[in-house]
Amino acid sequence: MRGADYVIKRTAFAVLTVFVALTINFALFRLAPGSAVSNLSRVPHATQELRQALKRQFGLDKSKGAQYVLYLKQLVHGNLGISFENQQPVSHNLWIALKNTLPMVLVGTLFAIVLGTLTGVIAAWRRGTLAESATVTTALSFYSMPTHWLGLMLVILFTGILPTGGMSNDFLINPSFWTHIRDVASHMVLPSLTLGLVLYGEYTLIVRSAMLETLGEDYILTARAKGLTPWTIIRKHALRNAMLPIVTLVALSLGYIVAGAILIETVFSWPGIGRAVYDAVLQRDYPMLQGAFLLLTVSVVFFNLLADLLYFKLDPRITS
Amino acid sequence: MSVVLNEPGLAVEGEPVRSRGGFVWRTVRRRPSATVGATLLLLVLLGAGLAPWVAPYPLHQQVGPVFGHPSWSHPLGLDDGGIDMVTLLMWGARISLVVGFAATLVSMLIGGSIGLLAGYFGGRTDVVLMRITDYFLVIPDVPLMIVVAAIWGPSLFHIVIVIGILLWTSTARVIRAQVKSVRERVYVKRARSLGAGHTRILVRHVVPQVAPLLIANTVLTIAVAIFDETALSFLGLGDPSRTSLGKIIENAFQRAAISSGAWWAIVPPGALVAVIILGCSLLGGALEDALNPRLRVAHLSARTFRLRPLVGRSAESI
Amino acid sequence: MQKRRLATLALGAAISVAVFAAAAGGSGAKSGGTFRIGTSSGIDSLNPYVAFNQDAYATFQYIYPILVQYDDNLHFAPFFARSWKASNGGKTWTFKTQPNAKWSDGQPLTAADAAWTINTDIKYQGSGAANEAGLIAHITRAEASNPTTLVVHYKHAPGNVLGQFQQFFILPKHIWSKHTGHKGADLKTFPNNAPIVGSGPFKLVKFQKNEIALFQRNGSYWGKKPQIDAFGLRQFSNDDAMISALKAHEIDALETVPATAIKSLRRAGFTISDVRGLDQTDFIINSNPKKKKHRELLSLKVKEAFAHAIDRKQIIDVVFLGTATPADSIIPAPTGPWHNPNLKPETFDLRLANTILDKLGYKKGSDGIRVAKGHKMSYDVIAPTSVGSITRTFQILQPDFKKIGVQLREKALDATAAFDLMSGPNGKYQGFDLAMWDWTALIDPDFMLSVTTCAQYGGWSDSAFCDKTYDRMYSQQQLTPDQNKRRQIVWKMQKYLYDHRPYIWLANDDAVTAVSPKWTGFMNTPQGPFNELNISSLTSVHQK
């Protein structure tokens, strides 16, 4: 497969996938019974006029085909529409939700990579000993725990010691920069820790298996004979072998994690994109749903593509 | 890079496996991780299976106060309806396992068939089927589950279908890769040249070779299916009339169990789920590893709701 | 000389002691500080034409002028309107409003703003102001004859003028008149972001959706000044996070407290207030007279049998842990004189229920399920997942109904899908037999009584009850200015619904709040402490 050919082909398919996805999503949401109109018109002073007014405002009085065309037209101009629920631009709502979720998810993933690499190295280096079994078993055990359950465990353990809900103490009036950072950081510890603990097992096993491969090689034997310290050997040779799968894994994970963080957001009351999607479904807020799905689909497709291309570029075993 | 415990020296690369059942049993006997995994699963299956006869109290009867403390007669305390936790756990495991198995069955049937057809026929069929697989792969899982629960209502049946629809993609890819390699083997080519029909070849030659991998994949998928069901219940999308392990956690959470100090309503059900998933991971991983330690096809990623095949692994994924 | 000095010294000492004693906290009330409230619901929008959550309406109560409010005895009390008078047979109402009032940006607040808001809502009631259309029903126009006099003209003399105006928020004309474009549609798209120009004891200075709303004391307020400097409403997505924040002293009070956490909060030293509330859970029987399937459920006798199969005590014990009262009417008791006290919850009597059904000739089959009109008495009960208490309540009902030969199956759906199924197809209410839900009443009974009228098909009706006699009574009470006469009609209507049973009312749950012991004065009401009734809670609360 020639390089450029591969890249173009994959990218084209990625775009097509996104388009197919948003068309199917458009239809899918409208299958759900009930609509935002009936929801939002259930206020104590409602009248028929309100329902008609809402219908017109949301464009739900047009045919589905016309709505679809309008949607595509807006999309091409970068307009994701107006949320039914709070009458604000969807892009604005999504941006707020996303900027709440991302830092927490990134910190958690970082923690998982670091802890996973460390434990993977220990497990491979101390092959056949108790250290290896203990490390691997612990990793697998955390890995098997339901995310939200682990989050709840941490809440039980740390109630009173660390904040267990929300993103920051909103009552700090005009805090200094550092106070604010410390405050957000203290609220981020438990959610990121939960994410890190459930993810790190994967990295442990990858690093371990990649290192085991390398450690058996002759040149490692030579290096040891030469008197190089274990850490140098690990760093310079064995770990390098693990880089490719780790990078691929991270790229793939990022695409999905944003959506998957909903469990953590629910437990820790974190106002992120997971909650935004959940609420949008309950409200039948089509523009928000379409916008959120589009965001998530594009993110997954993008990161999958990235992982594909990275793997293609970096894997020495894939030649022509 | 599959999530397995590497125990080199126990399997030979690329050998056609003769007997399916024997393969599983041998692996369980020989590999410690498989033994542990299988034992855990067996214990849970026993407890869940015997629930109607062995459970200490009736499932729907209030036997004490709401969130009653653990005591000698109720070692794990009572839930928010005053029902005995041990009883709940046994019945809950039953429901969770049923959902896990059923969803996996759906996923295996769809994924297995698609993988089989795509891998065997290749060409245009392959391309079309893989494009469809790609679409399913990029659907955001959680939002989709929420939407489906909204459309059809959160009944057990719909949950099973939804989970099955999300899980089949990795099976399809894995099976497809395996089928492609089997197709190239000498005896298959010989059978074709002798004029044997596709069906015959598929059934007689291809499927038996693919079956062990399918079994390994099934076990891993069950783990993910059970995790998915737990997550769905926690988001309030589970079937309210069937108390699965996930629902037990959700009920407790909704009624502020932690703030009431009733940790026994939350810790045991989740721990049991973890045990089941751990058992499946150990067993499935060992089976996969035994087949071919260098095969490394599946990537257990329960965290993100599905098994993910290793992307970019040579031309097969294009 | 010495004596006088001694006397002066003694006097000086006495005065010092007196001053010291006074300063050492005789009355004790400290002013100032920020009061932090935790909630699990929250404000959905800051625009009165868009919002529909209670917390949003409660917010408007504190930041916008309102003509009247409820006092602690739920009688109407002056607010922005100092006095009022009805004339012309009740078709003209004249309100004298607060003189020398200002909006928070310094602009004068007069009766003209009130008139403008009313007239704008009338003009755009079909589009942007549709949210308020019910509140200005029957009004033809309003005018401000001078800055402190508001005159409102009605087509017919209504019976609930004050009840309606108690919910009506007066908006600043100089801000909102810029947003009436596109035939009034702009009224709904104006985000009305913080800081909001308003006039109340507080002004909203910061708002982040799903997180926090911060209110600061409004210096230019014309009424009773609050004792605190500021308060905040912090939103949590689950109860445990909220309770944990209270115990960690990150917040000072909880808007509502889940029943299971009351004991542990009391033990931790928090002040719990438990008063009867306005929320009631119900068992709904589809009473659509044009119903096609399962018409045996339209029989008053069958409904009566069902009512005797419900163990309210068990429900209140298990689901509400005792923080509820058996309910008996569509208008709950905490509404004061509007509730008909002669109505009592039906007894839990399975034998009686069985006898009634036996007399109807619905025999039990071999599986214990009765057969009515050729089919089994086996029904789906629609259960919206948004109401947390339903599943446990259903689990109590189900075995009891089995004992009277009726099989119930729980059908869970989210709230939108549930209502869609119940009212479908297209508002014909042919899609369901039984359901469970809850209602939160207002003090004025007009709203709750309207949900069982024929006009609310496709709107608020979830029981499909449609009865000409009832509708006649409803119009009557709406147009009866004499409140005593109106009350008689309202009592009659409750009895009528009790007999016809579109709803079997289950539990009237309490409003429970928790406050840190460092604070006092945070008043609880049937609508909770942060409510749409009046501004007492946050103007009275202060540190001890």
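Residues numbered from 1 in each chain as written. Chains lettered and ligands numbered in written order. Predicted model: local features only at pLDDT ≥ 70, side-chain atom pairs only at ≥ 80, totals over all residues. Heavy atoms only, no water.

A. Spotlight on the overall build of chain B. When you go through chain B residue by residue, the secondary structure sums to 11 helices and two strands. Its helices and strands taken in sequence order, chain B reads α-α-α-α-α-α-α-α-α-α-α-β-β from the N to the C terminus. Counting across all 318 residues of chain B, residues that qualify as buried make up 63%. Element-wise, carbon and sulfur atoms account for 65% of the exposed surface of chain B, whose accessible area totals about 11800 Å². (Helix = DSSP H or I, 4+ residues; strand = E, 2+ residues; numbered from the N terminus. Buried < 20%, exposed > 50% of the residue type's maximum accessible area, 1.4 Å probe, protein only. Areas by Shrake-Rupley, 256 points an atom, 1.4 Å probe, with all protein chains shown as cover.)

B. Here's a closer look at the overall build of chain A. Within chain A, the regular secondary structure consists of 13 helices and zero strands. Its helices and strands taken in sequence order, chain A reads α-α-α-α-α-α-α-α-α-α-α-α-α from the N to the C terminus. Out of the 320 residues in chain A, the part that is buried amounts to 57%. By sequence separation, contacts in chain A at least 24 residues apart represent 76% of the contacts at least 6 residues apart. For chain A, the accessible area works out to roughly 13500 Å², and carbon and sulfur atoms hold 67% of it. (Contact = heavy atoms within 4.5 Å.)

C. Representation of the packing of helix α1 (residues 3-31) of chain A against helix α4 (residues 64-76) of chain A. Residues and elements named next belong to chain A. With their axes 12 Å apart at the nearest point, α1 and α4 run at an angle of 140° to one another. The angle between α1 and α4 falls in the class oblique. As for how α1 packs across α4, the hand of that crossing is right-handed. Counted together, Phe 19, Leu 22, Thr 23, Phe 26 and Arg 30 of α1 and Lys 64, Gln 67, Tyr 68, Tyr 71, Leu 72 and Leu 75 of α4 form the full contact between these two elements. (Axes fitted to C-alpha atoms, helices over the stretch in contact; angles between N-to-C directions. Parallel < 35°, antiparallel > 145°, perpendicular 65-115°, else oblique. Left-handed = near helix turned anticlockwise from the far one by under 90°.)

D. Examining the state of the cysteines more closely. Residue and element names in this part refer to chain C. Taken as a whole and judged by the stated rule, the model has one disulfide over all chains. With its sulfur 2.0 Å from that of its partner, Cys 454 forms a disulfide with Cys 466. On the sign convention where negative is left-handed, the bridge of Cys 454 and Cys 466, at about 105° about the S-S bond, is right-handed. Of this pair, Cys 454 sits in the loop between α14 (446-450) and α15 (468-478) while Cys 466 sits in the loop between α14 and α15, placing them 12 residues apart in sequence. Exposure remark for Cys 454: the relative accessible area of 23% places this residue in the partly exposed category. For Cys 466, a relative accessible area of 30% puts it in the partly exposed group. (Disulfide = S-S within 2.5 Å.)

E. A look at the interface of chain C and chain B. Of the residues lining the interface, 22 residues belong to chain C; the matching set on chain B comes to 22 residues. Where chain C abuts chain B, roughly 1700 Å² becomes buried across the two surfaces, and 51% of that area is made up of carbon and sulfur atoms. A per-residue breakdown of the area chain C buries against chain B is headed by C:Asp240, C:Thr260 and C:Arg392, which together make up 37% of the total. Scanning the region where chain C abuts chain B turns up two salt bridges. One salt bridge in this structure joins C:Arg392 and B:Asp79, with 3.0 Å as the shortest N-O distance. (Buried area = accessible area lost by both parts, 1.4 Å probe. Salt bridge = Lys/Arg side-chain N within 4 Å of Asp/Glu carboxyl O.)

F. The sheet that holds strand β9 (residues 149-154) of chain C, seen in detail. All names here are of chain C. Spatial strand order, β4-β5-β9-β8: four strands in an open sheet with antiparallel pairing. The sheet terminates laterally at β4 (81-87) and β8 (139-146), the two strands that pair on one side only. In this sheet, neighbouring strand axes are inclined to one another by 20° on average, regardless of whether the strands run parallel or antiparallel. Strand contacts of helix α3 (residues 111-123): β5 (92-97), β8 and β9, with the helix running at about 160° to β8, the strand carrying the most contacts. (Pairing = 2+ DSSP bridges.)

G. A look at the nonpolar core. If you look at the biggest cluster of nonpolar residues, it comprises 223 residues, and the most contacted ones within it are C:Phe283, C:Phe306 and C:Phe401. It is helix α8 (residues 177-215) of chain A that contributes the most residues to this core, 13 residues altogether. Setting aside residues up to four positions removed in sequence, C:Phe306 forms contacts with C:Phe283, C:Ile285, C:Leu297, C:Met377, C:Tyr379, C:Phe401, C:Ile404, C:Val406, C:Leu434 and C:Ile504. With 69 residues, the next largest nonpolar core counts C:Ile43, C:Ala51, C:Ala114 and C:Trp222 among its residues. (Core = buried A, V, L, I, M, F, W, Y, C linked by side-chain atoms within 4.5 Å.)

H. Helix α2 (residues 32-49) of chain B, seen in detail. Residues and elements named next belong to chain B. Compared with the 26 Å implied by 1.5 Å per residue over 18 residues, the 25 Å span of α2 between its first and last C-alpha is a close match. Of all the residues in α2, the buried ones are Ser 33, Ala 34, Gly 37, Ala 38, Leu 41, Val 44 and Ala 48. One side of α2 holds all its buried residues, which, seen down the axis, span an arc of 130°. Among the exposed residues of α2, those oriented more than 90 degrees off its buried face are Pro 32, Leu 42 and Leu 43. (Expected span 1.5 Å × (residues − 1). Arc of directions from axis to C-beta.)

I. Summary view of the packing of helix α7 (residues 147-158) of chain A against α8(A). Residue and element names in this part refer to chain A. Running from N to C, α7 and α8 point in directions that differ by 135°, and their axes come no closer than 9 Å. Classified by the interaxial angle, the pair formed by α7 and α8 is oblique. α7 and α8 meet at a crossing whose hand is right-handed. Residues Thr 147, Leu 150, Gly 151, Leu 154 and Phe 158 of α7 form the contact with α8, whose own contacting residues are Leu 190, Leu 193, Thr 194, Leu 197 and Val 198. Taken together, the residues of the contact of α7 with α8 sort by class into seven nonpolar, three polar and no charged. (Nonpolar A, V, L, I, M, F, W, Y, C, P; charged D, E, K, R; others polar.)

J. Broad picture of the environment of A:Lys55. Residues and elements named next belong to chain A. Here Lys 55 is to be found in helix α3 (residues 48-58). Sequence-wise, Lys 55 and Ser 35 are 20 residues apart; in three dimensions their C-alpha atoms are separated by 9.6 Å. For Lys 55, the residues in contact, after removing those within four places along its chain, are Val 37, Leu 60 and Asp 61.

K. Fine view of the packing of aromatic side chains. Summed over the entire model, instances satisfying the criterion amount to 41 aromatic pairs over all chains. On the basis of an interplanar angle of 70° and a centroid distance of 5.2 Å, the ring pair of A:Phe302 and A:Phe303 is categorised as edge-to-face. Judged by relative accessible area, which is 44%, A:Phe302 ranks as partly exposed. C:Arg501 extends its terminal NZ or CZ atom over the ring of C:Tyr498, reaching a point 5.4 Å from the ring centre. (Phe/Tyr/Trp six-rings, centres within 6.5 Å; stacked < 30°, edge-to-face > 60°. Lys NZ or Arg CZ within 6 Å of the ring centre and 35° of its normal.)

L. Quick look at the pairing of β9(C). Residue and element names in this part refer to chain C. Most of β9 is tucked away, with six of its six residues classed as buried. Here β9 shows no split at all, with Thr 149, Val 151 and His 153 on one side and Leu 150, Val 152 and Tyr 154 on the other all buried. Taken together, the five bridges between β5 and β9 define a ladder with antiparallel strand orientation. Paired with Thr 92 across the two strands is His 153, which belongs to β9. Judged from the six bridges that link them, β8 and β9 form a sheet pairing that is antiparallel. Bridge assignment links Arg 141 to a residue of β9, and that residue is His 153. Connecting β8 to the next strand, β9, in antiparallel fashion are two residues.

M. Structural detail: the side chain of A:Arg284. Relative to the helices and strands, A:Arg284 resides in the loop between α12 (273-283) and α13 (286-314). Residue class for A:Arg284 comes out buried when judged on its relative accessible area of 2%. Sequence-distant contacts of A:Arg284, defined by excluding residues within four places in its chain, comprise A:Ala32, A:Pro33, A:Gly34, A:Ser35, A:Ala36, A:Phe84, B:Ala150, C:Asp414, C:Thr416 and C:Ala417.

N. Broad picture of helix α9 (residues 198-234) of chain B. All names here are of chain B. Look at α9: only 46 Å from first C-alpha to last across 37 residues, short of the 54 Å you get at 1.5 Å a residue. Maximal helix bending in α9 amounts to about 50°, located at Val 207; proline Pro 208 follows within four positions. For α9, the tally of buried residues reaches 26 of 37 residues, placing the bulk of the element in the interior. Gly 236 sits one or two positions beyond α9 and adopts a positive phi of about 85°. (Bend = angle between axes of the 7 residues up to and from the residue.)

O. The arrangement of the pairing of β4(C) in detail. All names here are of chain C. Note that β4 and β5 share six bridges and pair antiparallel. Within the sheet, the bridge partner assigned to Ala 81 lies in β5 and is Thr 97. Connecting the antiparallel pair β4 and β5 is a turn made up of four residues, with Asn 88 showing a positive phi of about 55°.

P. Examining the environment of A:Lys226 more closely. All names here are of chain A. Note on placement: Lys 226 falls in helix α9 (residues 218-226). Here Lys 226 falls in the exposed class, since its relative accessible area comes to 70%. Linking Lys 226 and Tyr 200, residues 26 residues apart in sequence, is a C-alpha distance of 34 Å.

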